[in-house]
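Chain by chain, the residues run as shown.
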Protein chains: 2
Amino acid sequence: MSNVKALPLLETVVEPCCPPLTERPLTADEAERTAVMFKALGDPVRLRLFSAVASHEGGEACVCDISDVGVSQPTVSHHLKKLKEAGLLSSERRGTWVYYRVEPAVLAAMGQLLTKASAA
Amino acid sequence: MSNVKALPLLETVVEPCCPPLTERPLTADEAERTAVMFKALGDPVRLRLFSAVASHEGGEACVCDISDVGVSQPTVSHHLKKLKEAGLLSSERRGTWVYYRVEPAVLAAMGQLLTKASAA
């Protein structure tokens, strides 16, 4: 953990999984993977930051763009990192700032989970 | 808390709120209300139980129907109660058992949140 190197920013690959929740019970494995994403959005500040990034011009934002949620910039950075770890955001460093972008496929997959299956 | 009476089972009313997350940043209030629902699904066991209820025949289930997720029946009951408190399930007592049912409007509203807005 203390062995910090200049790692490239990893793109966390979270495979969107699973049919709509109304179709069949999730397996333990599916639930493990999917709960991570719901949990990441289960914090009010993180949810606001996520919607701030998602709705920002061009579909991306850096910490410098979204500082009006009433928490400090380090806290914003911390939450954005959490959202990235959950696979909801990807990031790219440009100069001083890291820009975050919503992963549309993941968002779509989560939306899909919550839609009603055609038949139970 | 110890004053247990035969209360009617309350239907928790959670107003589905908010436009798609990609449309505009959520307000603090919207985020507070919505994060509760995501948080409820942010636990693997709860998520499995939720999908078990959602996909069960007739769209409802009691604890007696869904005991194959590897946790005790009291734990199942506890999680179902949490899902109800978050507004994701409603419940009705029939004889010995409490039957849980997915709130379709809430599910649809959450799905809506995660869909892509037509324009940012």
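Think of each chain on its own: its residues are numbered from 1, step by step along the sequence as written. Working convention: letters from A go to chains and numbers from 1 go to ligands, in the order in which they are written. Note on the predicted model: pLDDT of at least 70 is required for a residue's local features to be given, and 80 or more for side-chain atom pairs to be given and counted; whole-chain, interface and lining totals, by contrast, use all residues. The basis for every side-chain value is the complete set of non-hydrogen atoms in the structure, without hydrogens or water.

### A short note on the overall build of chain A
What counts is decided by this rule: We count a stretch as a helix when DSSP gives it H or I for four or more residues in a row; a strand needs E for two or more, and each element gets its number in order from the N terminus. The buried label goes to any residue with under 20% of its type's maximum accessible area, the exposed label to any with over 50%, and the partly exposed label to all in between, with areas taken from a 1.4 Å probe on protein chains only. Throughout, a contact is declared for two residues whenever any of their heavy atoms are within 4.5 Å. Here the accessible surface of atoms and residues is derived via Shrake-Rupley with a 1.4 Å probe, and residues count as covered only by protein chains that are part of the display.
When its secondary structure is counted, chain A shows four helices and three strands. Along chain A, helices and strands appear, N-terminal first, in the series α-α-β-α-β-β-α. For chain A, the residues scored as buried account for 47% of the 120 residues in total. Taking contacts inside chain A between residues at least 6 apart in sequence as the whole, the part at least 24 apart equals 60%. Counting only carbon and sulfur atoms, one obtains 54% of the accessible surface of chain A, whose full area is about 6,400 Å².

### Some words on the relation of the copies chain B and chain A
One copy of the chain maps onto the second through a rotation about an axis and a displacement along it. The following threshold applies: For the least-squares superposition of copies, only C-alpha atoms count, and only for residues with pLDDT at least 70 in both.
Each copy of the sequence occupies a distinct position, and chain B is placed on chain A by a rotation of 180° and an axial shift of 0.0 Å, giving an RMSD of 0.0 Å. Overall, the copies show the geometry of a two-fold rotation axis. Of the interface residues in chain B, 97% have counterparts in chain A that sit at the interface too, so the contact is made through matching surfaces.

### Regarding the interface of chain B and chain A
Note the cut-off: Buried area is calculated as the accessible area (1.4 Å probe) missing from two parts once they are joined, with the contributions of both summed. Here, a salt bridge means any Lys or Arg side-chain nitrogen found within 4 Å of an Asp or Glu carboxyl oxygen. Gly is put with the polar residues, along with every residue not named as nonpolar or charged; the nonpolar set is Ala, Val, Leu, Ile, Met, Phe, Trp, Tyr, Cys and Pro, and the charged set is Asp, Glu, Lys and Arg.
In this assembly, 30 residues from chain B lie in contact with 29 residues from chain A. Buried area between chain B and chain A, both sides added, is near 2,600 Å², and the carbon and sulfur share of it is 75%. Here chain B and chain A share zero salt bridges between them. Those elements that place two or more of their residues in the side of chain B that touches chain A are helix H1 (28-40), helix H2 (44-55) and helix H4 (104-113) of chain B. In terms of residue count, the dominant contributor to the side of chain B that touches chain A is H2(B) (eight residues). When the residues that make up the side of chain B that touches chain A are grouped by side-chain class, the tally is 17 nonpolar, seven polar and six charged.

Shape is all these values report; function is a separate question.
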